[in-house]
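In case you want the letters, here they are:
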Amino acid sequence: MDIVQTVKQFIAKYYPRDHLYIAGSMGVLFLFLLVVPGGEKGAAVPNQTTQIPVSIPITNDNPEPTEDSVLNLSDYVVTEEAPAEIDLWQNVEIQSGDTPSAIFTKVGLSDQDLFRVLNSSDEAKILNRVFPGYQLDFLIPAEGELEQLRVLKSPLEGYLFTRANNDYNVETILKEPQIHQAFKVGEISDSLFMAGQRERIPAVHIMEMANVFGGVIDFILDPRIGDQFSILYNEQFLDGQFIGNGEILTTRFVNQGRVFTAVRYIDEEGEVGYYNPEGESMRKAFLRSPLDVFRISSNFNPRRRHPILNTIRAHKGTDYAAPTGTPIRATSDGRVTRASRYGSFGNLVIVQHAGGFETKYAHLSRFAGGIRRGDRVRQGDVIGYVGSTGGATGPHLHYEFLVNGVHQNPRTIVNRLPKAESIDPDEMDRFIAQTAPLLRQFEELNDSRLLSLNQPSAD
Ligand SMILES: [Zn+2]
């Protein structure tokens, strides 16, 4: 069967599951938000220390202040003037290994106090399931008397328990963050990641950007010095404090003069995706490469001299040299048909994709946790790690791409795959209504920033 035809059927059949992938990457994104350490965490929670006007009565008896006296301004802060209620709140951020009992002890409360709260409502059972990063705020106006307890799962969500006689009433805390938009531009002088970091773009957004453009740009081979990119994304604030990053709204990468623009669109079913301004999905049937960082050490070659056997033997795949342990991604959705050792392939993963496609990943140092035969994987899922098991001379991934059982060149087959499906013509008006204002704003921002980029700047 004609390959293009096969791929068209494949995309027609599997394209609707796009949202799963997006949802998956959002999940990863969310995890990142959780694990990436940041000074911002919990910043929105009322602070124990209050801002007090400081008057420093040191000039009289100290006409020439020493360095010490200037540095120790905090010695002169008059804490007694703080509003009483704020002073009495004690904030505890849950660390790994903390138990509710230990925390209650720390703030001068007993196990009885803990049980009293625990038994007051179903919501209070959250105290038995506190995780690192949760915040507990205690209001204890008199020693050992817990008046209020606030349990925050995040700056936006939690419960407030208020004492009522010997019991506690519960209220749900649910706050809406204020959304601000951030716009950044950058220029490649080394890698996308380095350039993004220079512009203080959150790492999670740099990765997401590489993900969005992953079907059209090979971020190792394609970028050139001088390539430019820009990104418009949401940031969340609570009471004026930064609490986290929101989604990417629009992003652009200019690669060797070719302009790629992607805009976020929520379709009629509520599914989120990134599209070019013409309404074509940025997502492609297969990723251009199964690794993010690599060097091609051997191309597909039907008549190659084998490095160990020194005979003419077809090289039926592409070799990507990369350090041992580099994550390997499934290049498309599919089902794992093998995840085990297999002769000179060493540790081998085979993924069967719909439409007669198959990809093979060989010489792995190890398999990704839980990957085994029969599992379903999605495009971009990590399935294993680079190694040199089997007949490998050094750490690399040997990657094969088969169409109806016939080996194809993994690096050129992707160019022969048809473009991803576009927005349904019936939905095009909706798409334009949602994305046009965003794109217009993005263009204006780009125009103004690119003008200022060409001016000498202080930063
Ligand atoms: Zn190879």
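Placed above this text is the structure.
Reading guide: rules and limits
Residues numbered from 1 in each chain as written. Predicted model: local features only at pLDDT ≥ 70, side-chain atom pairs only at ≥ 80, totals over all residues. Helix = DSSP H or I, 4+ residues; strand = E, 2+ residues; numbered from the N terminus. Buried ≥ 20, exposed ≤ 12 C-beta atoms within 10 Å, placed from the backbone. Contact = placed C-beta atoms within 7 Å. Core = buried A, V, L, I, M, F, W, Y, C linked by C-beta atoms within 7 Å. Pairing = 2+ DSSP bridges. Axes fitted to C-alpha atoms, helices over the stretch in contact; angles between N-to-C directions.

Caption draft 1: Broad picture of the overall build of the chain. Of the regular secondary structure elements, the chain holds 10 helices and 23 strands. Put simply, the chain has 459 residues, and 30% of those count as buried. Taking the contacts inside the chain whose residues are at least 6 apart along the sequence as the reference set, 64% of them involve residues at least 24 apart.

Caption draft 2: Fine view of the nonpolar core. Membership of the largest hydrophobic core comes to 26 residues, with the highest contact counts inside it found for Phe213, Ile231, Ala262 and Tyr275. Put simply, the parts of the chain that give this core at least two residues each are helix 7 (192–198), helix 8 (203–212), strand 7 (228–238), strand 8 (241–255), strand 9 (258–266), strand 10 (272–275) and helix 10 (428–453). Take this core: its biggest share by element is four residues, from strand 7. If we skip the residues at most four places from it in the chain, Ile231 touches Lys184, Ile201, His205, Met209, Ile248 and Thr251. Leu291, Tyr320, Tyr385 and Tyr399 belong to the second largest nonpolar core, which has 22 residues in total.

Caption draft 3: Structural view of the sheet that holds strand 21 (residues 382–385). Across the sheet, three strands lie side by side as 15-21-19; this open sheet has antiparallel pairing. At either end of the open sheet lies a strand with only one pairing partner, and these are strand 15 (327–329) and strand 19 (366–367). Relative to strand 21, strand 19 is paired through two bridges, and the arrangement is antiparallel. Residue Arg366 lies in a different strand from strand 21, and its bridge partner there is Tyr385.

Caption draft 4: Focus on the pairing of strand 21. Note: strand 15 against strand 21, three bridges, orientation antiparallel. By the bridge assignment, Ile328 is partnered in strand 21 with Gly384.

Caption draft 5: Fine view of the pairing of strand 9. Relative to strand 9, strand 8 is paired through six bridges, and the arrangement is antiparallel. Counterpart to Thr251 in the pairing with strand 9 is Ala262. Sheet topology note: the strand 9/strand 10 ladder contains four bridges and is antiparallel. For Ile266, the partnering residue across the bridge sits in strand 10 and is Val272.

Caption draft 6: Main features of the sheet that holds strand 10. Pairing is antiparallel across the open sheet formed by five strands, whose spatial order is 6-7-8-9-10. Of all the strands in the sheet, just strand 6 (178–187) and strand 10 have a single pairing partner and so form its edges. Looking at each pair of strands side by side, their axes are set apart by 25° on average, direction ignored. As paired elements, strand 6 and strand 7 share 10 bridges and run antiparallel to each other. Along strand 7, the bridge assignment pairs Ile179 with Gln236. Its contacts with the sheet place helix 8 against strand 7, strand 8, strand 9 and strand 10, and it is angled at close to 35° to strand 8.

Caption draft 7: Unusual backbone geometry, seen in detail. Although it is not a glycine, Asn165 sits at a positive phi angle of roughly 55°. Within the fold, Asn165 resides in the loop between strand 4 (157–164) and strand 5 (167–174). In this structure Asn165 comes out as exposed when scored by C-beta crowding, with 5 C-beta atoms within 10 Å. Residue Gln256 is not a glycine yet carries a positive backbone phi of 50°.

Caption draft 8: Examining the environment of Arg372 more closely. Note that Arg372 resides in the loop between strand 19 and strand 20 (376–377). The exposure class assigned to Arg372 is exposed, which follows from the 11 C-beta atoms found within 10 Å. With 32 residues separating them in the primary sequence, Arg372 and Ser340 have C-alpha atoms 8.2 Å apart. Discounting residues that sit within four places of it in the chain, Arg372 has contacts with Val336 and Ala339.

Caption draft 9: Representation of the environment of Leu109 in the model. Take Leu109: it is sitting in the loop between helix 5 (100–106) and helix 6 (111–118). Sequence separation of Leu109 and Ile140 is 31 residues, and the distance between their C-alpha atoms is 9.1 Å. Every residue in contact with Leu109, bar those within four places of it in the chain, is listed here: Phe104, Leu114, Gly144 and Leu146.

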